[in-house]
Amino acid sequence: MKITLANAEAALDEVQRDTDKLHSQELRKAIADYIETQREALKALRKKLH
C-alpha cells in the first residue's frame, strides 16, 4: 500500500507540473484546489494505515 500511496503522490506532482503550463489562471486555481484536497486525503489515509 505504501508504494501505491507514493505513486499517487507522484501522480499529483506530475499533474501539478502540467497544470503550471496552462494559460487559464481560473483552471489552474481549480486544479490546484483539487490537488490540495487529494493531498489531504492521502495524508489522512497514510495516518490511518500507520
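Just above sits the structure.
Residues numbered from 1 in each chain as written. Predicted model: local features only at pLDDT ≥ 70, side-chain atom pairs only at ≥ 80, totals over all residues. Heavy atoms only, no water.

Caption draft 1: Spatial organisation of the overall build of the chain. Scanning the chain from N- to C-terminus turns up two helices and zero strands. Over its C-alpha atoms the chain spans a radius of gyration of 12 Å, topping by over 25% the 10 Å that the globule rule assigns to 50 residues. Based on the C-alpha atoms only, the size of the chain along its principal axes is roughly 40 × 15 × 5 Å. For the chain, the computed accessible surface area is about 4200 Å², with 57% contributed by carbon and sulfur atoms. Separation between the mean location of the 10 positive side-chain charges and that of the 9 negative ones in the chain comes to 7 Å. (Helix = DSSP H or I, 4+ residues; strand = E, 2+ residues; numbered from the N terminus. Rg over C-alpha atoms; globule rule 2.2 N^0.38 Å. Areas by Shrake-Rupley, 256 points an atom, 1.4 Å probe, with all protein chains shown as cover. Lys, Arg positive; Asp, Glu negative; His and termini not counted. Charge placed at Lys NZ, Arg CZ, Asp CG, Glu CD.)

Caption draft 2: Representation of the pattern of salt bridges in the model. Counted by the stated rule, this structure contains three salt bridges. Notably, a salt bridge pairs D33 with K29, separated by 2.8 Å at the nearest N-O pair. Here the residue D33 and the residue K29 both occupy positions in helix α2 (residues 25-49), the gap between them amounting to four residues, near one helical turn. For D33, a relative accessible area of 38% puts it in the partly exposed group. (Salt bridge = Lys/Arg side-chain N within 4 Å of Asp/Glu carboxyl O. Buried < 20%, exposed > 50% of the residue type's maximum accessible area, 1.4 Å probe, protein only.)

Caption draft 3: Here's a closer look at the side chain of T19. Relative to the elements of secondary structure, T19 occurs in helix α1 (residues 2-19). According to the relative accessible area criterion, T19 is buried, its value standing at 4%. Excluding anything up to four places from it in sequence, T19 contacts R28, I31 and I35. (Contact = heavy atoms within 4.5 Å.)

Remember, this is a structural readout, not a statement about activity or role.
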